[in-house]
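Inside the fold
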Amino acid sequence: MDTTAADTLSLAAEQQSMSMLELLAEGGVLMIPLFILSLVAVYVIAERWRSLNNARVEVDGFLRTVESMLKDGDRQRALTYCDGIDKPLARILKAGIRRLGRSIRDIEDAIGNAGKKEIYHLEKRMNWLATIAGVAPLIGFTGTVTGMIEAFMDIQSLQGNVNPSVLAGGIWEALITTATGLIVGIIAYGFYNFLLGKINRMVHELENASADFIDLLQSPSNKKEKEHEKVG
């Protein structure tokens, strides 16, 4: 009895899946670019999410470790430590540590240039997501127009002697492509804003950490280290 029920549920699920595929197929040729855009959107969302999560670092602990090494005058150890972390903040501060012994302005410029590069990498491919959010609904609306054109062409060819089943093809294309385009666009737009918020928060953290690093270099406890670098 249980086996029969399970087989019935399995068959019903398979039929429902097939009916969904057939339903999407009714959308016509414009479903192909919408399908491609949806795959690209999923790829960008997953790739950016993973990249942003991997880019995070515990800022306070990282700065305390670097500060301790610099106070000991061990610049090479600080550089090696940054290489081992290999995250945006580590690469930014590494650019500043390499300039130790020069003016604060030179160090700030090095940190600023490194920060711009890291922000560029954080925002990579986000324009793809924004484009998909705008283009997918437009493709869907194009399907609406072409579907209505097809429906009215059918009406004209039959000289007005039509019934709902004759117009079904054009109406299916109009409704399905529009719905699919809107769904893809809404998902892409929602994740675009979500990921952009994560990027903005991370950029804010990088800016604050960079400012704290500059303050660290200007603190009295580092005068001895600076003098050592100048002599070297």
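These notes cover the structure that comes with them. Just so you know, these numbers come straight off a predicted model, no measurement behind them.

Calculation criteria
Residues numbered from 1 in each chain as written. Predicted model: local features only at pLDDT ≥ 70, side-chain atom pairs only at ≥ 80, totals over all residues. Heavy atoms only, no water. Helix = DSSP H or I, 4+ residues; strand = E, 2+ residues; numbered from the N terminus. Axes fitted to C-alpha atoms, helices over the stretch in contact; angles between N-to-C directions. Parallel < 35°, antiparallel > 145°, perpendicular 65-115°, else oblique. Left-handed = near helix turned anticlockwise from the far one by under 90°. Contact = heavy atoms within 4.5 Å. Nonpolar A, V, L, I, M, F, W, Y, C, P; charged D, E, K, R; others polar. Patch = residues over 30% accessible without salt bridge, like charges linked within 9 Å, V, L, I, M, F, W, Y side chains within 5 Å. Areas by Shrake-Rupley, 256 points an atom, 1.4 Å probe, with all protein chains shown as cover. Salt bridge = Lys/Arg side-chain N within 4 Å of Asp/Glu carboxyl O. Lys, Arg positive; Asp, Glu negative; His and termini not counted. Charge placed at Lys NZ, Arg CZ, Asp CG, Glu CD.

**Focus: unusual backbone geometry**
Positive phi, close to 50 degrees, is recorded for aspartate 86, a residue that is not glycine. Among the structural elements, aspartate 86 can be located in the loop between α4 (75-85) and α5 (88-98). Positive phi, normally seen in glycine, also occurs at arginine 125, with a value near 70 degrees. You can see arginine 125 is positioned in the loop between α6 (104-122) and α7 (126-157).

**A word on the packing of α4 against α5**
Where α4 meets α5, the closest approach of the two axes is 9 Å, and the angle between their N-to-C directions is 160 degrees. With respect to α5, the axis of α4 lies roughly antiparallel. In the packing of α4 onto α5, the handedness of the crossing is left-handed. Mapping the contact onto sequence places Arg75, Ala78, Leu79, Cys82, Asp83 and Ile85 in α4 and Ala90, Lys94, Ile97 and Arg98 in α5. Considering only residue class, the contact of α4 with α5 consists of six nonpolar, no polar and four charged.

**Section: the environment of leucine 138**
Along the chain, leucine 138 falls in helix α7. Considered as a pair, leucine 138 and threonine 178 are 40 residues apart in the sequence and their alpha carbons are 8.4 Å apart.

**Observations regarding a negative patch on the surface**
Together, Glu58, Asp60, Asp212 and Asp215 give the surface a local cluster of negative charge. Along the polypeptide, aspartate 215 turns up in helix α8 (residues 164-217).

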